[in-house]
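# Geometric and topological summary
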Amino acid sequence: SELEKAFRASLFDLLNKRGHSVSVAMDKQSHIIVTPSGKQWTLKEQVTLKNHGQVTIPHFVFRCEAEDAVISVYADGFHYHASEQHNRIADDAAKRHELRQEGHIVWNVTWDDVAALRAALTNGTDIPPRVEVAPHEIVVEAKKSITEMGGEVDDVALVAANPIEWLARVLDEPDWQRWQRLAQ
């Protein structure tokens, strides 16, 4: 789909800007991403996964053997997944829940996420957050909660970050405990 192509191009541009190496694998059906710290991820597209009788096809699957990590990314457009004509929200949620139970990290990106990233990369500006900054009282409470759970104050900004930027950070620093704390 157009969304998938735009996501791939924008992600690769962001990764290259962050110092990653992105190349086509020998099988010509996947990409190898090497982070500046040397972590190697394999990216495959349209991977059919079966869990407990459910079949799901994430648009992108990232694997890092060294970290025993799998990130399944869905680039779902509103029209085909959440409109009156195509309401797949419950089905999508059930399939993603099963993947989480299998240990996958499930990621979602939208047209707005891709467009915001593409505009920032094109204009050389900061990537805008997905969520605008909350009122001061909420930020103070979020900082308190995150630090009580062992997180860092700077993690508050990531909670509202563009998910593609956040994904790039996770590929760089696969600190699963940190990301789990933020997800909570």
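That block above? That's the structure.
Everything in this summary refers to the structure shown in the same document. (Residues numbered from 1 in each chain as written. Predicted model: local features only at pLDDT ≥ 70, side-chain atom pairs only at ≥ 80, totals over all residues. Heavy atoms only, no water.)

## Some points on the pattern of salt bridges
With the rule as written, the count across this model stands at 5 salt bridges. With a closest N to O distance of 2.8 Å, Arg118 and Asp13 form a salt bridge. Within this pair, whereas Arg118 is found in helix α4 (residues 111-123), its partner Asp13 is found in helix α1 (residues 2-17), the two being separated by 105 residues in sequence. Taking the relative accessible area as the measure of exposure, Arg118 reaches 28% and is therefore partly exposed. (Salt bridge = Lys/Arg side-chain N within 4 Å of Asp/Glu carboxyl O. Helix = DSSP H or I, 4+ residues; strand = E, 2+ residues; numbered from the N terminus. Buried < 20%, exposed > 50% of the residue type's maximum accessible area, 1.4 Å probe, protein only.)

## Here's the deal with the packing of α1 against α4
It is at 10 Å that the axes of α1 and α4 come closest, and there the two elements cross at 40°. Looking at the two axes, α1 sits oblique to α4. As for how α1 packs across α4, the hand of that crossing is left-handed. Packed against α1, whose contacting residues are Glu2, Leu3, Ala6, Phe7, Ala9, Ser10, Leu11, Asp13, Leu14 and Lys17, the element α4 presents Trp111, Val114, Leu117, Arg118 and Leu121 at the interface. (Axes fitted to C-alpha atoms, helices over the stretch in contact; angles between N-to-C directions. Parallel < 35°, antiparallel > 145°, perpendicular 65-115°, else oblique. Left-handed = near helix turned anticlockwise from the far one by under 90°. Contact = heavy atoms within 4.5 Å.)

## Overview of the sheet that holds strand β6 (residues 60-64)
Think of a sheet as strands paired side by side through backbone hydrogen bonds, with each pair either parallel or antiparallel. One open sheet accounts for 6 strands, arranged β1-β2-β3-β6-β7-β8; its pairing is mixed. The open sheet has two edge strands, β1 (21-24) and β8 (105-109), and neither has a second partner. Each strand of the sheet is rotated relative to its neighbour by a mean of 20°, with strand direction disregarded. Inspection of the sheet shows β1 paired to strand β2 (residues 30-34) by 4 bridges, in the antiparallel sense. Bridge pairing links Val22 to Ile33 in β2. Helix α3 (residues 89-101) contacts β7 (69-75) and β8 of the sheet and is inclined by roughly 145° relative to β8. (Pairing = 2+ DSSP bridges.)

## Some points on the pairing of β7
Among the 7 residues that make up β7, 7 are buried, leaving the element largely enclosed by the rest of the structure. Of the two faces of β7, the one holding Ala69, Ile71, Val73 and Ala75 and the one holding Val70, Ser72 and Tyr74 are both buried throughout. One ladder, built from 5 bridges, connects β6 with β7; its direction is antiparallel. Residue pairing in the sheet places Arg63 in a bridge with Val70 of β7. Here β6 folds back onto β7 in antiparallel fashion, the turn holding 4 residues, of which Asp68 has a positive phi close to 50°. Sheet topology places β7 next to β8; 5 bridges connect them, and they run parallel. Across the sheet, the residue bridging to Ser72 is Val106, located in β8.

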